[in-house]
Structures are given as structure tokens and as C-alpha cells.
Amino acid sequence: MRSLEEFNQAQLLIAAGTNDCAIARQTGIPRTTVRDWRRRRQVLPRTPGGSSGCDISHDFTELPAAPYSYLLGMYLGDGYISRQRRVWRLRVTCATQYPAIIARCCETIDALMPKQHATVVQRKGRCVDVSHFSKHWPCLFPQHGPGRKHNRPIRLEAWQEAIVYDETEQFVRGLIESDGCRVVANDRGVMSIRYHFSNRSEDIIGLFTAALDHLEIPWTRSDRYTVSIYRKIYRKAATARLDEFIGPKT
């Protein structure tokens, strides 16, 4: 959710002939947002205090819990929401080398939005955006806000916590399949499975480690932004547990 001031600042730089990357560096606005504003001048950002355009009182207890928990993990990892006229667009960026994850992301969106279908939009490089338009995305993902996720607080609502508690595996899977990886390493001649999750938001890392704690899966911080689960002698059960519901991305 970008401010009107940011939108106007970007438009001035666009009019001055500044390219998208330079605008992103100067303003802190994501390059993809600048690109959308350049291509679609009619798309205005949400003004402070404005309505999301949704006039429905949602009963979140009726949400399909497993798809929602998975998509929440995907959104917190590589997803973002932007305003498109009177609706909102959810985009989850996925690598083209993992078609099963792309298909699963589409399926979860379709499960949350019956009678509608997600679309897959090709991006430059080896990435696609799984995309869907709706007035309800800011309601379903209230973590949406101005700026990048790691620059703002990320907290779950009580109803989200209840869903994640019941479908913790799907939440962890969404996080791993968006911002994580599973690797097979060679430790002195012994093949070893490792899982890593990397994110610049301490709040999102906290949600990930809390979910692992709930599943009783031990973890360690490899560095400031990375959580790792190694298959060492005392943790063989940890990666085996993750393999039960995640496994290789391919």
C-alpha cells in the first residue's frame, strides 16, 4: 500500500526520464511497483485512511484453513498486494523451474476464491507471478501495508493465529516453498539433507520459528537472516519430519 506522496514523487521522476531501478533506489519504492505505475498511469495508490473497497463483513472461520495457511506463508515470503483501480491485485512470485509450486499456488488461490481462477504472468528472467484480482485481499492479508515487509511490523491477527495453529504444516510449507530451500549436502562422504529459510524480516522469521516450535522441529540461526534445519545425528528426525509434508521442490 503506497502513499499518494510516493506516487506523485515517482511520477515526477518518471516524467524526468529516470529509469525504474534509479527511482526504486532513490525512493525505496519496489521497482515492480514503479514499473506498474509507469505502464498504468490510471492505477492510483491507496490514500491513507482509505477503504479497501470491500463492504463485506467476513467470517474468517469459514475460510478453507489448509489453503489459506499455505497461501499466507507464500504471501509472507514472496507475495505482495497492489491497488488496481477499484480492486486489489495479489501477486506471488515463483521460479519457473518449480512448476508444481506454481500449480499449487494457483490451486490455493482458486480454493479461496471460488468460481475465479488465478493467472500466471511471465516475468523477465526465470520467474512468473501467480496473480489474482479481488477487493478482499487486504482483508485476507491485513499484513499488507506501505513499504517493504522487513521495514514494517508483521503480526498475525487472532483469527490468523488460529488457522496457522490448526494448519501449521501448510504454513511452514508455504514459507519454505517461497523463501526457503531443501538441499542435499555431502558431509565428509555422508549425504545430508538440510532445509533453509531466509528472510530479512525478523517478525516473519519469528513466525517461522514459532511454527517449527509448535511442530517440535529443532532449528538454528545460521546467520542474521537464515534459519536452518540440519540432518545431523541428533536431528535426523527434524528433516525427516519436514520431508513428510514438504520434500524436494521438484
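Coordinates for the structure precede this section.
Reading the values: the criteria
- Sequence order as written defines residue numbering, which begins from 1 separately in each chain.
- Only residues with pLDDT of at least 70 are given local features in this predicted model, and only at 80 or more are side-chain atom pairs given and counted; all residues enter the totals for whole chains, interfaces and linings.
- Side-chain measures here rest on the full set of heavy atoms in the structure, leaving out hydrogens and waters.
- Whenever a carboxyl oxygen of Asp or Glu lies within 4 Å of a side-chain nitrogen of Lys or Arg, that contact is scored as a salt bridge.
- Only DSSP runs of H or I covering at least 4 residues are called helices, and only runs of E covering at least 2 are called strands; the numbering of each starts at the N terminus.
- Partly exposed describes any residue whose relative accessible area lies between the buried limit of under 20% and the exposed limit of over 50%, with all areas from a 1.4 Å probe on protein chains only and scaled to the type maximum.
- Any two strands with at least two DSSP-identified bridges between them are counted as paired.
- Axis definition: a line fit to C-alpha positions, over the contact stretch in the case of helices; interaxial angles, taken between N-to-C directions, run 0 to 180 degrees.
- Contact between two residues is taken to exist if any of their heavy atoms lie within 4.5 Å; hydrogens are not considered.
- Here a pair means two rings of Phe, Tyr or Trp (six-membered ring of Trp) with centres within 6.5 Å. Their orientation is stacked below 30 degrees between planes, edge-to-face above 60, and tilted elsewhere.
- Placement of a charge over a ring requires the Lys NZ or Arg CZ to be within 6 Å of the ring centre, with the centre-to-atom vector within 35 degrees of the ring normal.
- These descriptions rest on fixed angle ranges, namely under 35 degrees for roughly parallel, over 145 for roughly antiparallel, 65 to 115 for roughly perpendicular, and the rest for oblique.
- Crossing handedness is defined as follows: a turn of the near helix away from the far one that is anticlockwise and smaller than a right angle gives a left-handed crossing, while the clockwise case is right-handed.
- All residues other than Ala, Val, Leu, Ile, Met, Phe, Trp, Tyr, Cys, Pro, Asp, Glu, Lys and Arg, Gly among them, are scored as polar; the first ten of these are nonpolar and the last four charged.

**Student:** Residue-level account of the pattern of salt bridges, with values.
**Tutor:** Applying the stated criterion across every chain, the model contains eight salt bridges. Across the pair Arg 241 and Glu 169 runs a salt bridge, and its minimum N-O distance is 2.7 Å. Note that Arg 241 is positioned in helix H10 (residues 236-245) and Glu 169 in helix H8 (residues 168-179), a separation of 72 residues in sequence. When its relative accessible area of 22% is taken as the criterion, Arg 241 is described as partly exposed. Here Arg 173 and Glu 177 are joined by a salt bridge, their closest N and O atoms 3.1 Å apart. Residue Arg 173 and its partner Glu 177 are located together in helix H8, separated by four residues, close to a single helical turn. Here the two residues Arg 173 and Glu 177 agree in accessibility, since each one is buried.

**Student:** For the sheet that holds strand E6 (residues 190-198), give the residues involved together with the corresponding values.
**Tutor:** Strand order in this open sheet of four strands is E5-E6-E8-E7, and the pairing throughout is antiparallel. Two strands bound the open sheet, and with one partner strand each, they are strand E5 (180-187) and strand E7 (220-223). The average angle at which neighbouring strand axes cross in this sheet is 35 degrees, direction not considered. Where E6 lies against strand E8 (residues 226-230), five bridges are found, and the strand directions are antiparallel. Bridge pairing in E8 links Ser 198 to Thr 226. Strands in contact with helix H9 (residues 202-214) are E6, E7 and E8; relative to E8, the strand with the most contacts, it is inclined by about 20 degrees. Packing against the sheet, H10 makes contact with E5, E6 and E8, and its axis sits at approximately 65 degrees to E6.

**Student:** Would you mind going over the packing of aromatic side chains in detail, with residue names and values included?
**Tutor:** The geometry of an aromatic ring pair comes down to the distance between the two centres and the angle between the two planes. Within the structure shown, the criterion is met by six aromatic pairs. Seen from their ring centres, Tyr 68 and Phe 141 are 5.5 Å apart, and the 15 degrees between their planes marks the pair as stacked. On the criterion of sequence distance, the pair formed by Tyr 68 in helix H4 (residues 65-78) and Phe 141 in the loop between helix H6 (137-140) and helix H7 (158-166) is long-range, its members being 73 residues apart. For the pair Tyr 68 and Phe 141, a shared accessibility class is recorded, and that class is buried. Chaining the aromatic ring pairs together yields one cluster made of Phe 60, Tyr 68, Tyr 75, Trp 137, Phe 141 and Trp 159. Here the basic side chain of Lys 149 rests over the ring of Tyr 75, its NZ or CZ set 4.9 Å away from the ring centre.

**Student:** Tell me about the side chain of Thr 209, and name the residues and values.
**Tutor:** One can find Thr 209 in helix H9. Exposure remark for Thr 209: the relative accessible area of 9% places this residue in the buried category. What Thr 209 contacts, discounting residues up to four positions off in sequence, is Trp 219 and Val 227.

**Student:** Describe the environment of Glu 6, with residues and values.
**Tutor:** Tracing the chain through its elements places Glu 6 in helix H1 (residues 4-15). Residues Glu 6 and Pro 146 lie 140 residues apart in sequence; the distance between their C-alpha atoms is 9.9 Å.

**Student:** I'd like a description of the packing of H4 against helix H5 (residues 99-112), backed by residues and values.
**Tutor:** Where H4 meets H5, the closest approach of the two axes is 9 Å, and the angle between their N-to-C directions is 125 degrees. Here H4 is positioned oblique relative to H5, judged by the angle of their axes. Between H4 and H5 lies a crossing of left-handed hand. Between H4 and H5, the residues in contact are Pro 67, Tyr 68, Tyr 70, Leu 71 and Met 74 and Ile 101, Arg 104, Cys 105, Thr 108, Ile 109, Ala 111 and Leu 112, respectively. Residues belonging to the contact of H4 with H5 are distributed by class as follows: ten nonpolar, one polar and one charged.

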